[in-house]
Amino acid sequence: MYCPNCGSELNEKMNFCPYCGQAVQKTATTIPAVTTGEYRLVLVSS
Ligand SMILES: [Zn+2]
């Protein structure tokens, strides 16, 4: 998972980002719908 504030890669067991202090919700999906769409487009084009 990645910090929604600074984008640093985080351990899923972390409750907050050690780099910027942003609280992270483990149950929340950190990947926006737009990013998922782009990922699907890559799969289709390749
Ligand atoms: Zn952060």
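To be clear, the structure that these remarks concern was listed above.
Residues numbered from 1 in each chain as written. Predicted model: local features only at pLDDT ≥ 70, side-chain atom pairs only at ≥ 80, totals over all residues.

Helices and strands together make up the secondary structure of the protein, namely one helix and zero strands. Of all 46 residues assigned to the protein, the portion counted as buried reaches 4%. Contacts in the protein between residues far apart in sequence, at least 24 positions, make up 9% of those at least 6 positions apart. (Helix = DSSP H or I, 4+ residues; strand = E, 2+ residues; numbered from the N terminus. Buried ≥ 20, exposed ≤ 12 C-beta atoms within 10 Å, placed from the backbone. Contact = placed C-beta atoms within 7 Å.)

Another aspect to go through is the environment of serine 8. Position of serine 8 relative to the elements: it lies in the segment before helix H1 (33-45). Along the backbone, serine 8 and tyrosine 19 are 11 residues apart, and their C-alpha atoms lie at a distance of 7.5 Å.

On to the environment of glycine 21, then. Here glycine 21 lies in the segment before H1. The exposed category is assigned to glycine 21, around which 10 C-beta atoms lie within 10 Å. Between the C-alpha atoms of glycine 21 and cysteine 3, which are 18 residues apart in sequence, the distance is 9.4 Å.

What follows is about the environment of glutamine 22. Position of glutamine 22 among the secondary structure elements: in the segment before H1. Look at glutamine 22 and you get partly exposed, because 14 C-beta atoms sit within 10 Å. If sequence neighbours within four positions are ignored, glutamine 22 has contacts with Cys3, Pro4, Asn5, Cys6, Phe16 and Cys17.

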